[in-house]
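Observations on the model geometry
Letter by letter, the chains look like this.
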Amino acid sequence: MIETTARLTQGVYLAGETVEVAITLRNPSPPPDAKSQWNDQEEVLAWASAQIHCHCWVNQSRVNVPSAQQPLSAEEQAVTNTRTSFAPCRVDPEGPYEGSGPSSSGSGGNMVSVTGRVVTSTKPTILFCDLRLLPGESKTFWYKEVLPVEGPPSFRGQAVKYAYKLTVGTQRVNSAIKLLRVPIRVLVLQEFTDSAIINGSEDLTPSNPFLSDKEKETPLDSALQVLQVVTSQRNQKFYNITNARGHVVRFCIFKQAYKLGEDIVGSLDFSESNVPCIQYAVTLQSVEEISPECRKNEHQRPSINSLSKFHEMCVGFQQSHFVLPVPLHVTPSFYTDLVTLKWRLHFEFVTSMTDSKTSGLKLSEPPGHDDLDGKIWQAPHNVDIETMVWDLPIKLYPNLPSYLSQGLQMQTQFHMRINNSNTS
């Protein structure tokens, strides 16, 4: 038996970043009572190879895949020997979702695998050939690969899913190939990477022969710097929210670009309102919209997924504020040829259909410290209300991979056993 272990340096990566994986193969020592039966048996592995690929699955009841992206036919997928050919992109026994239960995004089990639909992949890398291990001996090989910049991010949507896997394949002599699939999470910086590549292609700084050469920044470093500037800048904006009867609230938000893990902070001013607001709710929502040319139905609506939510009763309030945390596990805003993911703040205001005096919602001034005859305000038993909604688009961007990996505590070590009976 040979034990194969793949250990990632971190669980989250940015497109354009180098993935480093330590792949260890070990021939375990025999138990003390069976040493005479083993006779220092040497294990031999013919070869091992590794590759990173991104699979795409779609819900065929909602997505019409273009003909140029249709899965390969059975003849095109056929290989000479499926037991001895390294084809990690061809078959994924786990399917579109790990397990057969409903997904966390609410899509259920209606996802259909597009067999052979590989969005992007790296070239296979040979780790070794003809490896011989004595009992108790182990060897570690490092696999390093740069993630493609043009690929989509890891995304688990209701109509489309993109999943990255690092596949390590190895084969014993006269045995079938065994595959160890390692899931990795990949985030992209679409808006910044392209501009960084363009700006970084030409160096306009003056050259000085008396200065030491500085190490040039990579496009990924430049993109991260631009991302930090965009998400740290405060651009305070005010919105006057009204309905048919008048002014409801004045809303203030300090910025509209956030990184994963940040808090969305907003304030509401009811001091100049002439329409009583009884309560309000703010929800962070993702909008998954299929491209028009890929929709099954012309009038198909986008998929909405609600995450963080804040709710407060605001009767008699002059000021209020809310704090919405951005979860670490969500996918930032992105777009591909199949789907576009957007983010928004969804507001719900419950307002009175009558003014404050008529409805009894107006609170009188509080009594002074010396006023012992002050009356206590009593809320009305019935109030005629209506609900109004308002959506404010925002943008979510990735955070540093090291920060996300530490916060999510993702699994970074995976194992596989290759037995003599050709089972793993």
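Every value quoted in this text rests on a predicted model; they were computed, and no experiment measured them.

Attention now moves to the overall build of the chain. In terms of helices and strands, the chain carries six helices and 21 strands. Classification of the 424 residues of the chain by burial places 44% in the buried group. Contacts in the chain between residues far apart in sequence, at least 24 positions, make up 78% of those at least 6 positions apart. Carbon together with sulfur atoms contributes 49% to the accessible area of the chain, which is approximately 23,400 Å² in total.

Turning our eyes to something else, we now look at the environment of Gln300. Secondary-structure assignment places Gln300 in the loop between β15 (277–290) and β16 (303–313). Along the backbone, Gln300 and Arg62 are 238 residues apart, and their C-alpha atoms lie at a distance of 8.1 Å. Setting aside its immediate chain neighbours within four residues, Gln300 contacts Arg62, Ile290 and Arg295. From its side chain, Gln300 meets the backbone oxygen of Arg62 in a polar contact 3.2 Å long.

To continue, consider the pattern of salt bridges. Following the criterion strictly, the structure yields 10 salt bridges and no others. For Lys342, the salt bridge is made with Glu289, and the minimal N-O distance between the two is 4.0 Å. In this pair, Lys342 sits in strand β19 (residues 339–352) while Glu289 sits in strand β15, placing the two residues 53 residues apart along the sequence. On the accessibility criterion, Glu289 (27% relative accessible area) is partly exposed. Residues joined in a network through salt bridges with shared partners are Glu3, Arg26 and Arg417.

Taken together, four strands build an open sheet; the order of strands is β11-β12-β14-β17 and the sheet is antiparallel. Two strands close off the open sheet at either side, each with one partner strand: β11 (237–243) and β17 (319–325). Taking each pair of neighbouring strands and ignoring which way they run, the sheet shows an average axis angle of 25°. Pairing of strand β14 (residues 263–269) with β17 involves seven bridges; the strand directions are antiparallel. Counterpart to Leu268 in the pairing with β17 is Ser320.

Take the sheet that holds strand β1 (residues 2–8) next. What the four strands build is an open sheet, ordered β7-β3-β1-β21; its pairing is antiparallel. Sheet topology places β7 (138–146) and β21 (413–418) at the edges, where each strand pairs with a single neighbour. Pairwise comparison of adjacent strand axes, ignoring direction, gives a mean angle of 20° for this sheet.

Our focus in this paragraph is the packing of aromatic side chains. Counted by the stated rule, this structure contains 14 aromatic pairs. What links up through ring pairs into an aromatic cluster is the set Tyr239, Phe251, Phe270, Tyr280, Phe310, Phe322, Phe347, Phe349 and Trp390. Seen from the ring of Phe254, Arg234 lies directly overhead, with NZ or CZ sitting 5.4 Å from the centre. We note Arg250 situated over the ring of Phe238; from NZ or CZ to the ring centre the distance is 4.1 Å.

Across the chain, pLDDT averages 80, with 74% of residues at or above 70. Here helix α2 (residues 74–77) stands out as the element of the chain with the lowest mean pLDDT, 44, in contrast to β14, whose mean of 95 is the highest. Predicted confidence for residues 73–80 stays below pLDDT 50, and this span has five contacts to residues more than four positions away or in other chains. The low-confidence segment residues 97–116 (pLDDT under 50) makes 45 contacts with residues lying over four places distant or belonging to another chain.

Turning our attention to helix α4 (residues 219–232). Since the α-helix turns once every 3.6 residues, residues separated by three or four places project in the same direction. Over its 14 residues, α4 extends 20 Å from the first C-alpha to the last, a length consistent with the 20 Å expected when each residue adds 1.5 Å. Those residues of α4 lying buried are Leu220, Ala223, Leu227 and Thr231. Projected down its long axis, α4 shows its buried positions confined to an angular sector of 60°, all on one face.

Position of Glu262 among the secondary structure elements: in the loop between β13 (257–259) and β14. Here Lys259 takes part through its backbone nitrogen, which lies 3.0 Å from a polar atom of the side chain of Glu262. If we skip the residues at most four places from it in the chain, Glu262 touches Thr231, Lys255, Ala257, Leu324, Pro325 and Val326.

This part is about the nonpolar core. Ranked by internal contacts, the top residues of the largest apolar core, which has 85 residues, are Leu25, Val160, Tyr162, Ile264, Phe322, Leu345 and Phe349. Here this core takes seven residues from strand β4 (residues 43–58), the largest share from any one element. When residues of this core are assigned to domains, at least three fall in each of domain 1 (2–66 + 84–90 + 110–188) and domain 2 (234–360 + 381–399). Beyond its immediate chain neighbours, meaning those up to four positions away, Phe349 contacts Ile241, Val249, Leu268, Cys277, Gln279, Tyr280, Glu386, Thr387 and Met388.

It is worth spelling out the environment of Thr336 at this point. Its location among the elements puts Thr336 in the loop between β18 (334–335) and β19. A sequence separation of 186 residues divides Thr336 from Glu150, and the C-alpha atoms of the two residues are 9.9 Å apart. In contact with Thr336, other than residues within four places in its own chain, are Pro152, Tyr162 and Ser291.

It is worth spelling out the pairing of β11 at this point. Pairing of β11 with strand β12 (residues 246–253) involves seven bridges; the strand directions are antiparallel. Bridge pairing in β12 links Thr242 to His247. Between β11 and β12, which pair antiparallel in sequence order, lie two residues.

Its identity is not glycine, yet Asp130 carries a phi of approximately 55°, on the positive side. Mapped onto the elements, Asp130 comes out in strand β6 (residues 125–133). Taking relative accessible area as the criterion, Asp130 reaches 46% and is therefore assigned partly exposed. Although it is not a glycine, Gln409 adopts a positive phi angle of roughly 50°. Here Gln409 lies in the loop between α6 (401–408) and β21.

Definitions and limits used
- Residues numbered from 1 in each chain as written.
- Predicted model: local features only at pLDDT ≥ 70, side-chain atom pairs only at ≥ 80, totals over all residues.
- Heavy atoms only, no water.
- Helix = DSSP H or I, 4+ residues; strand = E, 2+ residues; numbered from the N terminus.
- Buried < 20%, exposed > 50% of the residue type's maximum accessible area, 1.4 Å probe, protein only.
- Contact = heavy atoms within 4.5 Å.
- Areas by Shrake-Rupley, 256 points an atom, 1.4 Å probe, with all protein chains shown as cover.
- Polar contact = N/O pair within 3.5 Å; in protein donor to acceptor, adjacent residues only side chain to side chain.
- Salt bridge = Lys/Arg side-chain N within 4 Å of Asp/Glu carboxyl O.
- Pairing = 2+ DSSP bridges.
- Axes fitted to C-alpha atoms, helices over the stretch in contact; angles between N-to-C directions.
- Phe/Tyr/Trp six-rings, centres within 6.5 Å; stacked < 30°, edge-to-face > 60°.
- Lys NZ or Arg CZ within 6 Å of the ring centre and 35° of its normal.
- pLDDT = per-residue confidence, 0-100.
- Expected span 1.5 Å × (residues − 1).
- Arc of directions from axis to C-beta.
- Core = buried A, V, L, I, M, F, W, Y, C linked by side-chain atoms within 4.5 Å.
- Domains from an automatic or database assignment.

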